[in-house]
Amino acid sequence: MNEVFIGGAGMTPFGRHPDRSLRDLGREAAMAAMRDAALSPRAVDAVYCGNALGLALQGDSGIGQAIGWELGICAVPVFNVSNACASGSTALHQAWRDISAGHCESALVIGVEKAAMPAGQVLEVGAAEFETRLGDIFPGLFAMVAQQHMARYGTTLRQMAQVSVKNHGNGCLNPYAQFNRPVTVEEVLASPMIADPLTLFACCPNSDGAAAIVLRAGRRSARDVRVAASVLTSGTYLPERDFTSWDCERRAALAAYRDAAVRPSEIDVAEVHDAFTICEIVHCEALGFCDPGQGGQLTASGATAIDGDIAVNPSGGLQARGHPPGASGIAQIFEIVAQLRGEAQARQVRDARIGLAQIMGGSQASDAQACTVHVLCRE
């Protein structure tokens, strides 16, 4: 198998961009990634574009081809990937597989989304699903996860609120983040209730934005970052599953650590899917950063801060950076690449050499439909 490296990364600011199209956002991020990699359009062997909601919300399909056309990329394979919040990271996984197997030498991977809604308007996705019509939507699902975690392990509202406080503080250091204002524990707890016990500031926003990376076989530059592991799993959908964790995430993490030949204790920086504050706590447990039930205490101790033992979501995460579903997985990779290169400026994690990105997507029988874990290394 070929070794695969990230040679370039680019990103747009996340937030509300009502006057910009999917192809406009995607083009900006892709151009930045190609400039960063010193890669011309003619040198791109394939395009992989992650997008979750374009067809449902904007009536757009063939987004990868549209972006490629505007960049001058044509006559190459284009893969449009839709896998809920894991769309971008699944596109990355597919590109990694193809380069590893020798099917191409270089690939442009894009994640793009326009999901910001007008104030008070609900994001109407999945309305045709039986579970959705019964009220099984993400705030309610993760509220039940939080309630179970609190009942079983004693996790507190303040510990969950501290995830939001930490990530909004990190977002203040990230010029690409949607929110750049700090919040306090009291503000998080006092914000409007969305699904008990999750308040408004315990939930991520729906956002617009794009991120892109260039993958290539072999290292071409001292700034290239190696993809040491790329794993994609799906749920088991078993009715008796543990509601405070995801088996697909544990399986993905174990496989990624095995493939990268690293241990959880060796991860210096991680970007995880903090769509709700309880998510970061649960993901830290599943990824092996602490024992089951100890994620709340890990956060409260300061161990997941930028200067802590394992920096989690130094970008601000979905909570503060924002969450355009199709783009979030690639935005996580953008952050890890910046950290491993030592280019994260005010949010730089000291001596970062190994990074991890985890994101889940979709819901089926209250289980995740997809989960990716990527491990990146600075050589």
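Before any of the text, the structure's been laid out above.
Because the structure is predicted, anything quoted here is derived from the model rather than measured.

Caption draft 1: Broad picture of the overall build of the chain. Helix and strand counts for the chain stand at 13 helices and twelve strands. Counting only C-alpha atoms and orienting by the principal axes, one finds that the chain spans roughly 55 × 45 × 40 Å. Sequence separation of at least 24 residues holds for 78% of the intrachain contacts in the chain that already meet a minimum separation of 6.

Caption draft 2: The packing of aromatic side chains, seen in detail. Throughout the structure, instances matching the rule amount to four aromatic pairs. Taking the centre distance of 5.1 Å and the plane angle of 25 degrees together, the rings of Phe142 and Phe276 count as stacked. Of this pair, Phe142 sits in helix α6 (residues 138-153) while Phe276 is found in the loop between β9 (269-271) and α10 (277-286), placing the two residues 134 residues apart along the sequence. With a relative accessible area of 7%, Phe142 lands in the buried category. The class of Phe276 is buried, set by a relative accessible area of 7%. Ring pairs connect the aromatic residues Phe142, Trp246 and Phe276, which therefore count as one cluster.

Caption draft 3: Main features of the sheet that holds β9. If you trace the ten strands from one edge of the open sheet to the other, you get β3-β2-β4-β7-β1-β8-β12-β11-β9-β10, paired in mixed fashion. Here the strands that pair on one side only, and so sit at the sheet edges, are β3 (78-81) and β10 (311-312).

Caption draft 4: Geometry of helix α7 (residues 157-171). For α7, spanning 15 residues, the distance from its first C-alpha to its last is 21 Å, which sits close to the expected 21 Å at 1.5 Å a residue. If you check which residues of α7 are buried, you get Gln159, Met160, Ala161, Val163, Ser164, Lys166, Asn167, His168, Asn170 and Gly171.

Caption draft 5: Inspection of the pattern of salt bridges at higher detail. Under the counting rule described, the total for this entry stands at 24 salt bridges. The residue Glu70 makes a salt bridge to Arg23 at a minimum N-O spacing of 3.3 Å. Of the two residues, Glu70 is situated in helix α3 (residues 63-71) and Arg23 in helix α1 (residues 22-37); the sequence distance between them amounts to 47 residues. Taking the shortest distance from any N to any O, the salt bridge between Lys166 and Glu280 comes out at 3.0 Å. One end of the pair, Lys166, is in helix α7; the other, Glu280, is in helix α10, and 114 residues separate them in sequence. Connected through salt bridges with shared partners, the residues Arg20, Arg23, Asp24, Arg27, Glu28 and Glu70 form a single ionic network.

Caption draft 6: Examining the side chain of Arg347 more closely. Note that Arg347 resides in the loop between α13 (325-341) and β11 (354-361). Judged by relative accessible area, which is 4%, Arg347 ranks as buried.

Caption draft 7: View of the packing of helix α4 (residues 87-100) against α13. The geometry of α4 relative to α13 is characterised by a closest axis approach of 5 Å and an angle of 60 degrees between their N-to-C directions. Between α4 and α13, the crossing angle belongs to the class labelled oblique. Of α13, the residues touching α4 (which contributes Ser87, Gly88, Ser89 and Leu92) are Gly326, Gly329, Ile330 and Ile333. Of the residues belonging to the contact of α4 with α13, the class tally is three nonpolar, five polar and no charged.

Caption draft 8: Focus on the environment of Thr155. By the secondary structure assignment, Thr155 is in the loop between α6 and α7. When the C-alpha atoms of Thr155 and Gly293 are compared, they prove to be 7.5 Å apart, with 138 residues separating the residues in sequence. Each residue touching Thr155, except ones within four places of it in the same chain, is listed here: His149, Met150, Met160, Ile281, Gly293 and Gly296. Here the side chain of Thr155 touches His149 through a polar contact of 2.7 Å, side chain to side chain.

Caption draft 9: Summary view of the side chain of Thr12. Structurally, the position occupied by Thr12 is in the loop between β1 (4-11) and α1. Setting aside anything within four residues of it in sequence, one finds Thr12 in contact with Leu25, Glu28, Ala29, Tyr176, Gly209 and Ala210.

Caption draft 10: Quick peek at the state of the cysteines. On inspection of all chains with the given rule, the structure shows zero disulfides. Distance from the sulfur of Cys377, which forms no disulfide, to the nearest cysteine sulfur (Cys371) is 18 Å. With relative accessibility at 7%, the residue Cys377 sits in the buried group.

Caption draft 11: Inspection of unusual backbone geometry at higher detail. In the segment running from Asp196 into Pro197, the intervening peptide bond is cis, with an omega of 15 degrees. Positive phi, close to 65 degrees, is recorded for Ala75, a residue that is not glycine. Considering the arrangement of structural elements, one finds Ala75 in the loop between α3 and β3. In this structure Ala75 comes out as exposed when scored by relative accessible area, which is 83%.

Caption draft 12: Quick look at the environment of Ala210. As for its position among the elements, Ala210 is in strand β7 (residues 208-217). Spatially, the C-alpha atom of Ala210 lies 19 Å from that of Glu343, the residues being 133 residues apart in sequence. Sequence-distant contacts of Ala210, defined by excluding residues within four places in its chain, comprise Met11, Thr12, Phe14, Leu25, Gly26, Ala29, Gly111, Val112 and Ala327.

About the criteria used
Residues numbered from 1 in each chain as written. Predicted model: local features only at pLDDT ≥ 70, side-chain atom pairs only at ≥ 80, totals over all residues. Heavy atoms only, no water. Helix = DSSP H or I, 4+ residues; strand = E, 2+ residues; numbered from the N terminus. Contact = heavy atoms within 4.5 Å. Phe/Tyr/Trp six-rings, centres within 6.5 Å; stacked < 30°, edge-to-face > 60°. Buried < 20%, exposed > 50% of the residue type's maximum accessible area, 1.4 Å probe, protein only. Pairing = 2+ DSSP bridges. Expected span 1.5 Å × (residues − 1). Salt bridge = Lys/Arg side-chain N within 4 Å of Asp/Glu carboxyl O. Axes fitted to C-alpha atoms, helices over the stretch in contact; angles between N-to-C directions. Parallel < 35°, antiparallel > 145°, perpendicular 65-115°, else oblique. Nonpolar A, V, L, I, M, F, W, Y, C, P; charged D, E, K, R; others polar. Polar contact = N/O pair within 3.5 Å; in protein donor to acceptor, adjacent residues only side chain to side chain. Disulfide = S-S within 2.5 Å.

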